[in-house]
Every structure is written in structure tokens, then in C-alpha cells.
Amino acid sequence: MSDDVIKLETVKIERDGGTTFVILNRPEKRNAMSPQLHNDMCDALDWAAEDDQTKVVVITGAGGNFCAGQDLKLFFRANDGNPKAMRRAGLASQAWRWDKLSRFPKATIAMVHGYCFGGGFTPVIACDFAIAADDATFGLSEVNWGIIPGGLVAWAVTQILGYRDAMYYSVTGDKFNGAEAAAMKFVNKAVPVTNLREATMELARKLEAKSPAAVRYTKEAVRSVRGMSQDQAMDYLHCKSDALKFIDPEKGREKAMKQFLDEKVFKPGLGEFKR
Ligand code: ACO
């Protein structure tokens, strides 16, 4: 682990080459999200976005669990009757779990093991990719204690699950495991927990090898067009393509065409160009 990383009270940062693990670090509380953790995650993501070594971010939890949702004591009870503190905590919670993560300028992977409850769903959905242990436990447990999947959870769940599944798991609070999550496409895949890091790193290394500008623009394009009409998407994607040609410091398009058409040293169908 490199010691040039940001130090935070409730979030741990670890490097693995160009991949940076951002780790919710309250294992004794199953990584339940306190206001401090929300602030720390905001700082961690801002740091990772600007860190030159970081090409891919993996979000995960310490101690064998991903996240037990919002901290009922520190996020909810401690702020009951204090609307200003509740507002601040809510803003920070929303900021990292959705605003920063879903618009993150680098590839993001949620690596889920153990428990993932309630508000812990939001960062999983906001990440570009998710890989779970097949015995991970997911649950929209809000209904079990008399609240709704608030924040953005109910909305985020409908972005990724089919309507029947979103309704079923929101209203029943039934748990599902990693293998079931993969079958519903809530995560990209599920693997035995002993292979979780290896499977995550296999994807991370693949992403690290690609042009950062192309990865960023592609993920932004895929995410953005979902809410557009065909006409809007066509116009937006033209602009996005032109912008990529302009901003890409590597000039990947030209380099790749030269390597394929002139030098014949790479085949775009089979892998990325030589950078
Ligand atoms: N908020 C506050 N504290 C929590 C939370 C939470 N969400 N989850 C766990 N903890 C604490 C426990 O209170 C306990 O603290 P203590 O040691 O001081 O008593 C410690 O973490 C360990 O928890 P246990 O319940 O003892 O651990 P166990 O492994 O048996 O169970 C489980 C883990 C299943 C996650 C259980 O703690 C649980 O159901 N937590 C709540 C999950 C939940 O519904 N989260 C809220 C979702 S709704 C939302 O996010 C808006």
C-alpha cells in the first residue's frame, strides 16, 4: 500500500497498481453509514478523481461486509429534531453515493461481500460495474423498520431492476443473495467469495489498460442516453464524439487507426491499441 493516499477516519484507501480501493471502514458496525463516513467518502472520491495514479476505483467494505445501510443511531436518531444537521448529513450522503459516484470521471466497480442493506444499494447502483460474492446478502430492509427506501434508493432500484423485482424486494424486504443478484442483473456477476478480489481485479486491469478518455466518454454516453429520445441521443452522441476527439490528450483515435491501417500491429476487434 502506498502512503501517498488521503487519510480519513472512516474510509480506508488502498492501491493496487492503477486501481484504488475506497473502503468503507467501520467494520465493527458492519460499515453502517454515519455522517462522518458520508463526509469522508466525499473527500475520498474527490481525492481519487484527481489522483493521477488512479485509473479505476473499487468501492467496497472492510471486515467482510459491504454496508449495513444508514447508521440508525448516528444518521437517524442523533439527527431527529435537528433539521440542520439532518440536512447536512443528507446532502453529504446523497453527494457521494449518487452525485459524485454516478458521474465519476473514471471507471468504478462495486465489490460486494457480506451484507448490503438499504442505503448501501445506492453506491452499488451508481457504480459502472458491480461484482458480488455469490453468498453476499442484499436487502431493502427499510420496510422492516417502518420507513420507505428513501434518499434515492427506490428510484435507483427501478433504474436497474425490472419493475416486478423492484416492487417485490422493496415491499417485502426479502433478502437475495449474490447469485440471485447476478441473475437479476443487479450485479454483473457473482463469484465465490474466495475469488471476489481476483474477479474484481481482472475487470479492473482490463479497464486500466484502455484509454482513460475513451472510458470516461463511453460511460458518460451510456449513462446519459438512457433518459433521452432518439433525436436527443443522436445529437448528444455526435457532440460527445466530437468532444472526445478534441479533448483526448493521447489522440487515441488517430494512433489506433495508424496502428491498424498502416503499421498493422493491432486489431481493434481483439483488444486495445498500444498506448
Ligand atoms: N445502524 C447502526 N448500527 C448498526 C447498523 C446500522 N444500520 N447495522 C449494524 N449496526 C451495529 C449494531 O448495532 C452493532 O453495534 P453494537 O456492537 O454496538 O451493538 C454492530 O453494528 C454489529 O451489528 P450486529 O447486529 O450485532 O451484527 P450481525 O452480524 O449479527 O448482524 C446485520 C448484521 C444483519 C447487518 C444487522 O446489524 C442489521 O440488521 N443491521 C441493520 C440493517 C439495516 O436494516 N440497515 C438500514 C437500512 S435502511 C437505510 O439504510 C435507510
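Calculation notes
Every chain's residues receive numbers from 1 upward, in the order its sequence appears when written. The predicted origin of the model limits local features to residues at a pLDDT of at least 70 and limits the giving and counting of side-chain atom pairs to 80 or more, whereas totals for whole chains, interfaces and linings rest on all residues. The basis for every side-chain value is the complete set of heavy atoms in the structure, and neither hydrogens nor water enter the calculation. The near set for a molecule or strand comprises every residue that places at least one heavy atom within 4 Å of it. Here a polar contact means two N or O atoms within 3.5 Å. Within protein one must be a hydrogen donor candidate and the other an acceptor candidate, and residues neighboring in sequence count only if both atoms are side-chain atoms. Where accessible areas are quoted, they stem from the Shrake-Rupley method and a 1.4 Å probe; at the residue level, only the protein chains shown are allowed to cover. Helix and strand definitions follow DSSP, with helices as H or I runs of at least four residues and strands as E runs of at least two, each counted in order from the N terminus. Residues are grouped as follows: Ala, Val, Leu, Ile, Met, Phe, Trp, Tyr, Cys and Pro are nonpolar; Asp, Glu, Lys and Arg are charged; all remaining types, including Gly, are polar. Any two strands are treated as partners once DSSP identifies two or more bridges connecting them. An axis is simply a line fitted to the C-alpha atoms; with a helix, the fit covers only the stretch in contact. Between two such axes, the angle follows the N-to-C directions and lies from 0 to 180 degrees. Contact between two residues is taken to exist if any of their heavy atoms lie within 4.5 Å; hydrogens are not considered. One speaks of a salt bridge when a side-chain nitrogen belonging to Lys or Arg is within 4 Å of a carboxyl oxygen belonging to Asp or Glu. Exposure categories follow from relative accessible area, calculated using a 1.4 Å probe and restricted to protein chains: below 20% of the type maximum is buried, above 50% is exposed, and the middle band is partly exposed.

A. Representation of the site of the ligand in the model. Around the ligand, the surrounding shell holds 17 residues, and the nearest of these are K29, A68, Q70, L72 and S141. In the model, an oxygen atom of the ligand is placed 3.0 Å from a nitrogen or oxygen of the R30 side chain. For the ligand, a nitrogen atom lies 2.9 Å from a polar atom in the backbone of L72. Protein burial of the ligand: of its 920 Å² of free accessible surface, 61% is covered by the chains. When contributions to the shell around the ligand are tallied by element, the ones reaching two or more residues are helix 2 (72-76) and strand 5 (115-117). Its residues placed into classes, the shell around the ligand shows seven nonpolar, five polar and five charged.

B. Main features of the sheet that holds strand 4 (residues 107-112). Reading across from one edge, 1-2-3-4-6-9 is the order of the six strands in this open sheet, with mixed pairing throughout. Looking at strand neighbours, the two that pair on one side only are strand 1 (11-16) and strand 9 (189-191), the edges of this open sheet. Strand-to-strand twist of the sheet, defined as the mean angle between neighbouring strand axes without regard to direction, takes the value 25°. Here strand 3 (residues 56-61) pairs with strand 4 via four bridges, running parallel. Residue V58 lies in a different strand from strand 4, and its bridge partner there is I109. Each of strand 1, strand 2 (19-24) and strand 3 is contacted by helix 1 (residues 35-50), which is oriented at about 25° to strand 1, the strand it contacts most. Helix 8 (residues 196-208) rests against strand 1, strand 2, strand 3, strand 4, strand 6 (129-133) and strand 9 of the sheet, and its axis sits at about 175° to strand 4.

C. Spotlight on the pattern of salt bridges. Applying the stated criterion across every chain yields a total of 16 salt bridges. Between K12 and E14 there is a salt bridge whose closest N-O contact spans 3.8 Å. The exposure class of K12 is partly exposed, given its relative accessible area of 31%. Through salt bridges with shared partners, one network takes in D16, R197, R205 and E208.

D. View of the environment of T158. Its place among the elements puts T158 in helix 5 (residues 153-160). Judged by relative accessible area, which is 41%, T158 ranks as partly exposed.

E. Expanded view of the pairing of strand 4. Summarising burial for strand 4: six of the six residues are buried, a large majority. Across the two faces of strand 4 the burial is the same, with A107, I109 and M111 and T108, A110 and V112 all buried. Sheet topology places strand 4 next to strand 6; four bridges connect them, and they run parallel. Along strand 6, the bridge assignment pairs A110 with A130.

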